[in-house]
Amino acid sequence: MAALPARALQGNNAVPGTCVIGLQWGDEAKGKIVDILTPRNDFVVRYQGGANAGHTVKVGAEVYKLSLLPSGVLTPGVTSVIAGGVVINPAKAIEELDELASRGVQGLERNLKISDRAHVILPWHFAEDRALDGGVADGENIGTTQRGIGPCYRDKVGRSQAVRFGDMYRPKFRERIENICAAKNPVLAAISREKFEPLDPAAIYKQYQAFADRLAPHVCDTTEMLLTAAESGKRLLFEGAQGSLLDVDHGTYPYVTSSNSSGVGISNGSGVPAKYINKIIGVVKAYSTRVGGGPFPTELDNATGQYLRDRGNEYGTVTRRPRRCGWLDAVAVRYTARLGGVDAIAVMLLDVLSGLDEILICTAYELDGQRITHFPAHVDDQRKIKPVYESVAGWKEDLTACRSLTEFPDAALKYLDRVSELVGAPVELVSVGPGREQTILTGGLAT
Ligand code: GDP
Ligand code: IMO
Ligand code: MG
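Position numbers for residues count from 1 along each chain, tracking the sequence in the order it is written. Lettering for chains starts from A, numbering for ligands starts from 1, and both go in the order in which the items are written. Reporting in this predicted model follows two pLDDT cut-offs: at least 70 for local features of residues, and 80 or more for side-chain atom pairs to be given and counted; totals over whole chains, interfaces and linings ignore these cut-offs and use all residues. To obtain the side-chain values, all non-hydrogen atoms of the structure were included, while hydrogens and water were left out.

Asks: How do you make sense of the coordination of the magnesium ion (ligand 3) when you look at a structure like this?
Replies: Coordination angles at a metal have ideal targets, namely 109.5 degrees for four tetrahedral donors and 90 or 180 degrees for six octahedral donors. Coordinating donors are taken as N, O and S atoms within 2.8 Å of the metal, stretched to 3.2 Å for Na, K and Ca; because water is absent from the atoms, sites can appear incomplete. Surrounding the magnesium ion (ligand 3) are the protein donor atoms Asp27 (OD) and Gly54 (O), which sit 2.0 to 2.2 Å from the metal. Highlighted residues: aspartate 27 in the loop between strand S1 (17–22) and helix H1 (30–37) and glycine 54 in the loop between strand S2 (43–46) and strand S3 (55–59), separated in sequence by 27 residues. Classification of glycine 54 by relative accessible area gives buried; the value is 11%. Here a strand is any run of E in DSSP of at least two residues, a helix any run of H or I of at least four, and the numbering for each starts at the N terminus. When a residue's accessible area, from a 1.4 Å probe over protein chains only, is under 20% of the maximum for its type it is buried; when over 50% it is exposed; and in between it is partly exposed.

Here it is in structure tokens:
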């Protein structure tokens, strides 16, 4: 076997691998940052989640909503990779490819790679997602996106009823579909809350064979490809989906998604070891939002919450559900920034806060009469905690036309400084609107 190239052995700084992860409950505007950073990279890699994500990229007047395809697909000459840790609904991948092609995005046949290890979402996963959400102990729904994500990951770990992309090209694919349908039908009949139509293996096989044929030019061993790329000094940008507080192990369990959406998921989802990732950018909305059920200590169920929702257009990219809104929770974000080992933060949607007399930041919690400064592990405590707020001055000025920090009112600068101090990481990007040009790079990202 050939020796690894010298560059691969030079340690952490040999290859600039960068990762963008959300530090809250998703929708922090990761898609926008990935799009901004893509031209500095050779590869953009989605490594977990699936079409539960909705990443918005605005290019001039055009707005793209990407659920499965990496946000890098909009930049010519960059290879976009859906790595093995992603769960893929092939119909959705085809729909996004077709939509992009119809809007003039070129080179997709060549530039998009799909891992043969990625798991396939099949019709029973949607049925299970519909039937099982709401099954958590206290009766409150997780409020999943109903995209079959949890059931597909569960089958992946369970192994006996899973289908990977590579399986669709093997002779036993038909038999596998038949066996899984035979096992799933009685279970679905028992758990369905709607009229149950038994799964038809012949129809499913035919449909997925057509998907497999269509996507065949994209499918390859992306782990091998990415390792070779990293070892030869190519620049990799990893695009996290969801947010760290939705991480299946470290988030507000069980009100989470089914993958490792914090920094801990990068290597297991992509196959690229951590030593190749030397910059982690944590994306923070200037306030907080959450879609679906689960604890949200700083939630504002009042006129201020509605003000944030209206100004931030806080309606789900995937499901259009109104997002729950609240003040920035610096205790939670400090926790996720530490968990992700973030080197810098990007503060997004700062423009939304204009017009408020005062802005509150949660700096601690009260739990059972005690003040705590860590994010508690159990959902019961996450529900019980009462935020302790610090008040900072608001500002009236519109920020959307600002192109440098020197144009900001003092109060906005002070807010950024305080957020950086509380979270424990420097601010290297500030966003004041959805457009590419409404982005201010500072510190390490400016160079
Ligand atoms: P993602 O899932 O993290 O990529 O975020 P989403 O795309 O779901 O949600 C972010 C939303 O905020 C999108 O509609 C973006 O176009 C929009 N957006 C991004 N940055 C800014 C910003 O700085 N200000 C405002 N007002 N909107 C922004
Ligand atoms: P992006 O990448 C916001 C939430 C769902 C639900 C929970 C579990 O756009 O930030 P799932 O369908 O994953 O089993 O749902 O996770 N959720 C998201 N919330 N942004 C996302 O993705 C999300 N992906 C999943 O609302 O509460
Ligand atoms: Mg989103």
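Let's pick the thread back up.
Asks: Quick question: what am I supposed to make of the state of the cysteines here?
Replies: Think of a disulfide as a covalent bridge from one cysteine sulfur atom to another cysteine sulfur atom. Pairs of cysteine sulfur atoms within 2.5 Å are what we label disulfides. As enumerated under the stated definition, the model contains 0 disulfides in all. With no disulfide of its own, cysteine 19 has cysteine 220 as its nearest cysteine by sulfur position, at a separation of 20 Å. Not engaged in a disulfide, the cysteine cysteine 152 finds its nearest cysteine sulfur in cysteine 181; these two sulfurs lie 14 Å apart. Residue classification places cysteine 152 among the buried residues on the basis of a relative accessible area of 2%.

Asks: Please clarify how helix H13 (residues 410–423) should be interpreted in this entry.
Replies: The α-helix advances 3.6 residues per turn, and as a result positions three or four apart in sequence lie on the same side. Each helix should span, by expectation, one fewer than its residue count multiplied by 1.5 Å. Its 14 residues give H13 an end-to-end C-alpha distance of 20 Å, which sits within 8% of 20 Å, the value for a rise of 1.5 Å per residue. Residues of H13 that are buried: Ala411, Ala412, Tyr415, Leu416, Val419, Ser420, Leu422 and Val423. The contact definition used throughout considers only heavy atoms, calling two residues in contact when any of these lie within 4.5 Å. Buried-residue contacts for H13 involve strand S14 (328–329), helix H11 (330–340), strand S15 (344–348), strand S16 (358–367), strand S18 (386–393) and strand S19 (427–431). Taken from the residues just after H13, glycine 424 is the one with a positive phi, measuring 85°.

Asks: Would you take a moment to explain the nonpolar core for this structure?
Replies: Note that soluble globular proteins tend to have their nonpolar side chains buried in a common cluster. Of all hydrophobic cores here, the largest spans 72 residues; its most connected members are Phe238, Ile345, Leu350, Leu353, Trp395, Phe408 and Tyr415. The greatest single-element share of this core, amounting to 7 residues, is contributed by H13. Not counting residues up to four positions away in its chain, the partners in contact with tryptophan 395 are Leu350, Leu353, Ser354, Gly355, Leu356, Ile359, Pro409, Ala411, Ala412 and Tyr415. Throughout, nonpolar core names a set of buried Ala, Val, Leu, Ile, Met, Phe, Trp, Tyr and Cys residues whose side chains join them through atoms within 4.5 Å. With 40 residues, the next largest nonpolar core counts Ala118, Leu122, Phe165 and Leu199 among its residues.

Asks: Before we go on, may I ask you to explain the site of ligand 2 in this structure?
Replies: The criterion for a residue being near a molecule or strand is simple. One of its heavy atoms has to lie within 4 Å of it. As a structural note, the neighbourhood of ligand 2 is formed by 20 residues, with Asp27, Lys30, His55, Thr145 and Thr257 the closest of them. Each polar contact in these results corresponds to two N or O atoms within 3.5 Å; when the atoms are within protein, one needs to be able to donate a hydrogen and the other to accept it, and residues that are neighboring in sequence are counted only if both atoms are side-chain atoms. At a separation of 2.7 Å, an oxygen atom of ligand 2 approaches a polar side-chain atom of lysine 30. The method behind every accessible area is Shrake-Rupley, applied with a 1.4 Å probe, and residues are considered shielded solely by the protein chains displayed. Starting from 550 Å² of accessible surface for ligand 2 in isolation, the protein chains cover 97%. Residues are grouped as follows: Ala, Val, Leu, Ile, Met, Phe, Trp, Tyr, Cys and Pro are nonpolar; Asp, Glu, Lys and Arg are charged; every other residue, Gly included, is polar. Here the shell around ligand 2 is built from residues that sort into 7 nonpolar, 10 polar and 3 charged.

Asks: How should the sheet that holds S1 be read in this particular structure?
Replies: Strands qualify as paired when DSSP identifies two bridges or more between them. Taken in spatial order, the 10 strands line up as S9-S7-S5-S2-S10-S1-S11-S15-S19-S20 in an open sheet, and their pairing is mixed. Of all the strands in the sheet, the pair left with one neighbour each is strand S9 (219–220) and strand S20 (439–441). Note that strand S5 (residues 79–82) and strand S7 (residues 112–115) share 3 bridges and pair parallel. Considered in S7, the bridge of serine 80 is made with leucine 112. Axes, fitted as lines to C-alpha atoms, cover a helix only where it is in contact. Angles between the N-to-C directions of the axes lie from 0 to 180 degrees. Most of the contacts of H1 go to strand S10 (residues 236–243), to which it runs at about 175°, and overall it touches S1, S2, S10, strand S11 (277–285), S15, S19 and S20.

Asks: I keep staring at the site of ligand 1 and nothing clicks. Help me out?
Replies: Lining the immediate environment of ligand 1, one finds 18 residues, of which Ala29, Lys30, Thr56, Asp351 and Ser431 sit closest. Between ligand 1 and the protein, one listed contact pairs an oxygen atom with a backbone N or O atom of lysine 30 at 2.7 Å. Taking aspartate 351, its side chain carries an N or O atom lying 2.8 Å from a nitrogen atom of ligand 1. When the free accessible area of ligand 1 is taken as 580 Å², the share hidden by the protein chains comes to 91%. Listed by contribution, the elements that provide at least two residues to the shell around ligand 1 are H1 and S3. The greatest single-element share of the shell around ligand 1, amounting to 3 residues, is contributed by H1. Residue composition of the shell around ligand 1, by class: 5 nonpolar, 7 polar and 6 charged.

Asks: It is not clear to me how the packing of aromatic side chains should be interpreted in this structure. Could you clarify?
Replies: In this description, a pair of aromatic rings is defined by centroid distance and the angle of the planes. Any two rings among Phe, Tyr and Trp, with Trp reduced to its six-membered ring, count as a pair given centres within 6.5 Å; such a pair is stacked if its planes are under 30 degrees apart, edge-to-face if over 60, and tilted if neither. In this structure the tally under the stated criterion is 7 aromatic pairs. Geometrically, the ring pair formed by tryptophan 25 and phenylalanine 296 is tilted, given 5.1 Å between the ring centres and 55° between the ring planes. Taken together, the positions of tryptophan 25 in the loop between S1 and H1 and phenylalanine 296 in the loop between strand S12 (288–290) and helix H10 (303–312) put the pair 271 residues apart, joining distant regions of the chain. Here tryptophan 25 matches phenylalanine 296 in class, with each residue buried. Here the aromatic rings of tyrosine 47 and phenylalanine 238 are separated by 6.3 Å at their centres, their planes lie at 70°, and the arrangement is edge-to-face. With tyrosine 47 in the loop between S2 and S3 and phenylalanine 238 in strand S10, the pair connects residues that are 191 residues apart, well separated along the chain. Put simply, the rings of Tyr335, Tyr365 and Phe375 touch in pairs and so form one group of aromatic residues.

Just geometry here; none of it tells us what the structure is for.
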